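Chain and residue survey
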Amino acid sequence: MYRMCRVDPQQKPLQRILWRETPDEPLEIYELDTVTYGTSAAPYLAIRCLYQLGVEIEKTNPTIANVIQNHFYVDDLLSGADTIEEAINIVTEISKVLNTAGFRLRKWISNNNTILQSLKERNEADTLDLGVNELTKTLGVTWNGKEDCFLYKIGNSFNKHITKRTVLSEIAQIFDPMGLLSPCIIVAKIILRDIWIEKLDWDESLSQPLHTRWLNFRNELSNLNNIKIPRQITCKHAINIEIHGFSDASSYAYGACVYLRSQNEEGKIQTRLICAKSKIAPLKVQTIPRLELIGALLLSRLIKKILEATKLVPSRIVYWCDSTIVLGWLNMSPNQLQVFVANRVSELQTITNVSDWRHVPSSHNPADLVSRGVRPKELPFSNLYWFGPDWLKSTEDIWPHTLEINVELPELRKVTLMETVFISEPIIDFNNYSNLSHLERVLAYCLRFITNCKAKTGERSKGALKHTEIANAHLYLVRFAQHESFAEEIFQLQQGEIKRGRLSHIQPFFDKDKIMRVGGRLGNADLDFNRKFPIILSSKHIFSKLLFDREHRRLLHCGPQHLLASICQSYWPLGGRNLARKIYRECVKCFRTHPKSSVPLMGNLPKNRITPAPAFYRTGVDYAGPFSVKDRQGRGCKITKAYIALFVCFVTKAIHIELFLI
Ligand SMILES: [Zn+2]
């Protein structure tokens, strides 16, 4: 091929040869006219010439132009057509075109005799006449043209002395560019990895367990010769083509396999393995979810390569994975994940469409065989591997359903939030107190201690608490309660004014003690300062509860309305009505003084009482007494004992009274 391409005359001096037969003769200069083997530019120049032929006929014969530009591998043509006529046309036309440039195609081989026959008849090209069982190699892969299938030929010439060198050499002899034997090759690779872990030298004998494992594997290798893989992966007259990829990982290895699912007009569905790929897990131990993720990435890259190489335009691509964690990661934004995972998820999200990923149970996942390995004698019979899971040949409604991902995902990036909060803690925890006066006194002593610490020896307070100290403690508590209940509002007020929130309408302000009071409209009233500008409190705060409780007891257990009115003389409790009711309801003393009597259940009345009858038809008699009765008025009267008889009508309740003297 190279010799048929002429070099630009200007470039010829670069390919000069100096020559003389004997040292005595003068030097002769030769120049090579054509592309020459061995120069760096040679392959490019030859292939570019071929490509140019395609470019030149692009308009007149686009089919042949496409074959020339895409179906050549250097000087090997691998092409096909849907019908015999088309194939013969391609052969004829391409020969014509290439002959114009001096590229004569030779040694044709086809899976159809008619095509070869037509070539023979026209004597245009040589054909390789092969018998039914004759094999040829296309780009290194053994191909049986008559049966149109790929085969593997694995010899028996194995070395007797088994070392790392021979193991590597024998693995390398299995030429499998499409990875179709991946489930077996991975077994060999795992053995090789274990040899590396044992740190054996190249020519050192293997340890006994490894030696046995390798022998067992090697003895079964000849079974791979029985595998026949049909070259055609689509069904005839396919109208719909889909690509389904599966990925999986084990602790030893990870891998992916890709299937083509084609459907013809009659609805017949066929699935075929396109290619597979396996890789050994890194020696540095990784978690299974990480390996599953690398497997998924391997799958997406493999499918991308297939699409580029085959120029297939599938109606859709489905990626199957059995790891819910990986599917969960894919649905997340990479910036939420740790670097290792984030980088791979980001690439997956770029190459693939996240909605194309689906979950497949492990038992239905053919990539499971790729990642775990299969013994060579079992591989030829593994339908799961060669044709994918059975349901793939059926309609979509019986495919595994996508799971709802509710597992806790590992490897999430830790989000650290830092928030600054100013908390002014009280000197004592007044949640522990149930009596405000007690609390005030304790706090007053604490405040006195603090003041005394700062004061000089002679100026320190001693003895019983003064009224001012208790008042100070009270103000301290009010301030603290306000800071806890209205932190936001106080902040706004310190900035200027409260523009929003529950206090905005009462125009609060700080007094000289830094206590927030209601602004209100009573500024001009002739009232006490506390009454004009009451202190704002939240009824939810423990201080308000203690305050209400003390006031309730001070007012001799008054009712809620009285209590609230009294509090409102100096305070503005938000939600105070409810708090007053609560204090009253929960007061044990008030509860005792207002007992609720229990009302017994009423029984049925006797029949006589509810049967209509004339008055005193049914009568009850009762006596009352004794009474002392005078026989006359005035002094010296005789007093006798008497009883009153009561006659009560059962029905009308009419009463007749009689006096009985004894
Ligand atoms: Zn009470």
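Residues numbered from 1 in each chain as written. Predicted model: local features only at pLDDT ≥ 70, side-chain atom pairs only at ≥ 80, totals over all residues. Heavy atoms only, no water.

Let's talk about the overall build of the protein
Within the protein, the regular secondary structure consists of 21 helices and 20 strands. If you line up the protein on its principal axes, its C-alpha atoms span 185 × 95 × 65 Å. For the protein, the proportion of its 662 residues judged to be buried stands at 38%. Of the contacts formed within the protein by residues at least 6 apart in sequence, a portion of 61% connects residues at least 24 apart. Split by element, the accessible area of the protein, about 41,000 Å² in all, is 53% carbon and sulfur. In the protein, which carries 85 positive and 67 negative side-chain charges, the distance between the mean positions of the two groups comes to 17 Å. (Helix = DSSP H or I, 4+ residues; strand = E, 2+ residues; numbered from the N terminus. Buried < 20%, exposed > 50% of the residue type's maximum accessible area, 1.4 Å probe, protein only. Contact = heavy atoms within 4.5 Å. Areas by Shrake-Rupley, 256 points an atom, 1.4 Å probe, with all protein chains shown as cover. Lys, Arg positive; Asp, Glu negative; His and termini not counted. Charge placed at Lys NZ, Arg CZ, Asp CG, Glu CD.)

A few points about the coordination of the zinc ion
The coordination sphere of the zinc ion, as far as protein atoms go, consists of H552 (NE2), H557 (ND1), C587 (SG) and C590 (SG), spread over 1.9 to 2.3 Å. Each of the 4 donor atoms bound to the zinc ion contributes to angles spanning 96 to 125 degrees, and the resulting shape is tetrahedral. Sequence positions of the residues that donate to the zinc ion give the spacing H-x4-H-x29-C-x2-C. In this structure, C587 and C590 share a single accessibility class: buried. (Donors = N, O, S within 2.8 Å, 3.2 Å for Na, K, Ca; no water. Tetrahedral: all angles 85-135°; square planar, octahedral: opposite > 155°, others 65-115°.)

Observations concerning the packing of helix α6 (residues 182-197) against helix α7 (residues 208-220)
α7 packs onto α6 with a crossing angle of 160 degrees between their chain directions and a minimal axis gap of 11 Å. Between α6 and α7, the angle is such that the two are roughly antiparallel. Pair α6 / α7 crosses with left-handed handedness. Here C184, V187, A188, I190, I191, D194 and I195 of α6 lie close against α7, whose contacting residues are L210, R213, W214 and F217. Tallied by class, the residues present in the contact of α6 with α7 amount to 9 nonpolar, no polar and 2 charged. (Axes fitted to C-alpha atoms, helices over the stretch in contact; angles between N-to-C directions. Parallel < 35°, antiparallel > 145°, perpendicular 65-115°, else oblique. Left-handed = near helix turned anticlockwise from the far one by under 90°. Nonpolar A, V, L, I, M, F, W, Y, C, P; charged D, E, K, R; others polar.)

Some words on the nonpolar core
F246, L379 and Y385 are the most contacted members of the largest nonpolar core, which totals 44 residues. Once residues lying within four places of it in the same chain are set aside, the contact partners of Y385 are G179, L180, L181, S182, P183, Y259, L273, A276, P366, L369, V370 and L379. Core analysis: the next-biggest nonpolar cluster, separate from the first, contains 37 residues, I303, I317, C321 and W329 among them. (Core = buried A, V, L, I, M, F, W, Y, C linked by side-chain atoms within 4.5 Å.)

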